[in-house]
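What follows is each chain in one-letter form.
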Amino acid sequence: MAVSVLIGGAMLVWNWLVNPYQVFDVDQGIGEPYTSPATNERYRKVSHLLNQISAPDPEQPIDCLLVGSSVIGLLDPRLLAQYFPEGRCYNLAFLAGRPGEILATLNALIAQGLPLKRIVYGLEPFAFSDPVNDGPANRLHPIVTGESLWKFYLNYLFEPSLGDGIGYLFDALNHTISVRYDIDHTGRYQLVRYDTEIQRNETEFVKRQFEQGRGPKSVSPWIMTRFDEFKSLVEFLNSQQIEAHYYLNPLHPSIAKVYGTSGLEEFKTRISSRTGGRTIPDCSLLLSENANIRFYDYKHFRTTESTTVLDCALGNGSSQSRQQRGR
């Protein structure tokens, strides 16, 4: 019993002080807030939006959201002001975000009073085929799941988190940052280490990231329930009269090659059919030329390509808003 109490107490203190998932008060954590690679953005972003609901910006509350996976999570939502100048957007994308949890999260936030008018959803095939590890870094906010807040925190206090904690502690002690989540402002995340390496020596970075023979060799089969969840999300947004903009994110040529022409066409058909046959802007081949210097890795395009991608995804809105500003 004494050993069990000692281990349990040590785990509690470790999780509270190191705070690898950033679910506790970040002021008492080690290192810069929201720089742990294991930061639970699903919890933190929803907490931020709940604070906005209870104490909104009197001039411009958040009424627009970017949703999707980590691919769209890199986008700065302030760029959307050139397409939708009348609103204020926040990046609610999740690492390996799935349609079902996006639907559940939006439903909960709207029920809490979020004045949501518009979403922009970037889609890619691997979000509908890759399996996901539902670990402690990916747990949804209790307001979404219905779990009590005390139980949520208690689970994290006794979470076996040695691996995630050591990585974060090592970065903090060495004053290095791999990733930074801008939870309290834009919601986006930044790949700090990658950006630093690119500035230092882009040639070496590209060589290391896209070394010949290291590219993807195969893809997982479609997870059909995710297409069903996507259809439910579309129907929910329609019922709430929320303006939804869907588009297909750029793919690195290596990813596109593995899926093949037939696989990509099948994906587009499945997505289109679940939106009622509407035309979805297809930006999947947008960055194919000189792709290795336009992507961080095989899945995530660089933030320097953000405007190019958004012009493809929201081109009509962009042209219209720019014409209005020019008058």
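Look up: the structure comes first, before these words.
Residues numbered from 1 in each chain as written. Predicted model: local features only at pLDDT ≥ 70, side-chain atom pairs only at ≥ 80, totals over all residues. Heavy atoms only, no water.

**Focus on the packing of helix H4 (residues 99–111) against helix H9 (residues 224–239)**
No. 1: Two elements in contact, H4 and H9, have axes whose closest approach is 8 Å; the angle formed by their N-to-C orientations is 25 degrees. Viewed along their axes, H4 and H9 adopt a mutual orientation that is roughly parallel. When you trace H4 past H9, the crossing you get is left-handed. In contact with Pro99, Gly100, Ile102, Leu103, Leu106, Asn107 and Ile110 of H4, H9 contributes Arg226, Glu229, Phe230, Ser232, Leu233, Phe236 and Leu237. (Axes fitted to C-alpha atoms, helices over the stretch in contact; angles between N-to-C directions. Helix = DSSP H or I, 4+ residues; strand = E, 2+ residues; numbered from the N terminus. Parallel < 35°, antiparallel > 145°, perpendicular 65-115°, else oblique. Left-handed = near helix turned anticlockwise from the far one by under 90°. Contact = heavy atoms within 4.5 Å.)

**So, the side chain of Glu305**
No. 1: Within the element layout of this structure, Glu305 appears in the loop between helix H10 (253–274) and helix H11 (306–313).
No. 2: What Glu305 contacts, discounting residues up to four positions off in sequence, is Leu287 and Arg294.

**Notes on the packing of aromatic side chains**
No. 1: Under the definition given, this model contains 21 aromatic pairs.
No. 2: With 6.2 Å between their ring centres and 80 degrees between their planes, Tyr43 and Tyr153 make a pair best called edge-to-face. Taken together, the residues Tyr43 in helix H2 (residues 41–54) and Tyr153 in helix H6 (residues 149–157) connect sequence positions 110 residues apart.
No. 3: According to the relative accessible area criterion, Tyr43 is buried, its value standing at 4%.
No. 4: For the pair Trp222 and Phe267, a centre-to-centre distance of 5.7 Å together with 20 degrees between the ring planes defines the contact as stacked. With a gap of 45 residues between them, Trp222 in the loop between helix H8 (192–209) and H9 and Phe267 in helix H10 connect regions that are remote in the sequence. (Phe/Tyr/Trp six-rings, centres within 6.5 Å; stacked < 30°, edge-to-face > 60°. Buried < 20%, exposed > 50% of the residue type's maximum accessible area, 1.4 Å probe, protein only.)

**Re the state of the cysteines**
No. 1: A complete count under the given rule lists two disulfides for this structure.
No. 2: One disulfide bridge connects Cys64 with Cys89, the sulfur atoms lying 2.1 Å from each other. Residues Cys64 and Cys89 share a disulfide whose torsion about the S-S bond is about 85 degrees; that sign makes it right-handed. Note that Cys64 is positioned in strand S1 (residues 64–67) and Cys89 in strand S2 (residues 89–91), a separation of 25 residues in sequence.
No. 3: Accessibility expressed as a relative area gives 13% for Cys89, which makes it buried.
No. 4: Here Cys283 connects covalently by a disulfide to Cys312, the sulfurs 2.1 Å from one another. Looking along the S-S bond of the Cys283-Cys312 disulfide, the torsion reads about -105 degrees, which is the left-handed sense. Of the two residues, Cys283 sits in the loop between H10 and H11 while Cys312 sits in helix H11, which places them 29 residues apart along the sequence.
No. 5: Judged by its relative accessible area of 26%, Cys312 falls in the partly exposed class.
No. 6: The connectivity of the disulfides in the chain is 1-2, 3-4, where the numbers refer to bonded cysteines in sequence order. (Disulfide = S-S within 2.5 Å.)

**Some words on H4**
No. 1: The terminal C-alpha atoms of H4 lie 18 Å apart, and with 13 residues this matches the ideal 18 Å at 1.5 Å per residue to within 8%.
No. 2: Among the residues of H4, those classed as buried are Pro99, Glu101, Ile102, Leu103, Thr105, Leu106, Ala108 and Leu109.
No. 3: The elements touched by buried residues of H4 are H2, S1, strand S3 (118–123), helix H5 (142–145) and H9.
No. 4: Immediately beyond the C-terminal end of H4, within one or two residues, lies Gly113, with a positive phi of roughly 110 degrees. (Expected span 1.5 Å × (residues − 1).)

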